[in-house]
Amino acid sequence: MGFWTDATLQDPKRAYRFLVTIGTMENGAQWYAKAVTKPSFTIGSTEHKFLNHTFHYPTRTEWEEITVTLVDPVTPDAANSTLAIVKASGYDPSLLTAADYGTTTSKAAAVSALGGVKIEQIDSNSNPIETWTLWNAFLTGVKFADLAYDSDDMSTIELKMRYDWAYLETTTASMVGPITNEIVGTNATMESNEYFKP
């Protein structure tokens, strides 16, 4: 039965019901995160040609970057927190002197500086119904909003993040048919509601 025909069923997931947590930012950046792209991935393919036939084979799976948009409040100062993360990742040009080559960014430092990233979709009672955790996430880009006299918009910061993969936890297991090459009518409960969790 569809959710639109039975008012007792739980609402479908809504795009505005979400929380983002960035581990090392004050309050996890939860209340000033404005928007976020959910994890996505691309499965590559390679082809084999034989006479006038072409056959395709799956290859590597690559997870795409995500973008988190923060409103930049004064307290806490999101711009300050962002540059503190960059500095803790190993980038600090102020250390570069004739006698000292300074530091360079390492993956361990960059991942630690961000402190973990979690994206939760919540229900009407603020209970998590879908949780994505980014594995080994680190910053790959920062864009501060433009300024203009004719704009009343709040200043924002866009953070781009790369990660090795994301794992998903949901509140319930899904009902799916047996895995075959055809869509079948028989339903079977999946054994787990967690995917890719290390």
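Residues numbered from 1 in each chain as written. Predicted model: local features only at pLDDT ≥ 70, side-chain atom pairs only at ≥ 80, totals over all residues. Heavy atoms only, no water.

Observations concerning helix α2 (residues 107-114)
(1) Moving on: Taken residue by residue, α2 has Ala-110, Val-111, Ala-113 and Leu-114 as its buried positions. All buried residues of α2 fall inside an arc of 160° around its axis, so they share one side. Turned more than 90 degrees away from the buried face of α2 sit Ala-108 and Ser-112, all of them exposed.
(2) Moving on: At the C-terminal side of α2, Gly-115 shows a positive phi close to 75°. (Buried < 20%, exposed > 50% of the residue type's maximum accessible area, 1.4 Å probe, protein only. Helix = DSSP H or I, 4+ residues; strand = E, 2+ residues; numbered from the N terminus. Arc of directions from axis to C-beta.)

Description of the environment of Ser-124
(1) Moving on: Relative to the helices and strands, Ser-124 resides in the loop between β6 (117-122) and β7 (128-135).
(2) Moving on: Overall, the relative accessible area of 51% leaves Ser-124 in the exposed class.

Overview of unusual backbone geometry
(1) Moving on: For the peptide bond that leads from Thr-75 to Pro-76, omega is -5°, which places it in the cis range.
(2) Moving on: Its place among the elements puts Pro-76 in the loop between β5 (66-71) and α1 (78-88).
(3) Moving on: For Ser-126, which is not a glycine, the phi torsion comes out positive at approximately 70°.
(4) Moving on: Within the element layout of this structure, Ser-126 appears in the loop between β6 and β7.
(5) Moving on: For Asn-136, which is not a glycine, the phi torsion comes out positive at approximately 60°.
(6) Moving on: Residue position: Asn-136 is located in the loop between β7 and β8 (138-144).

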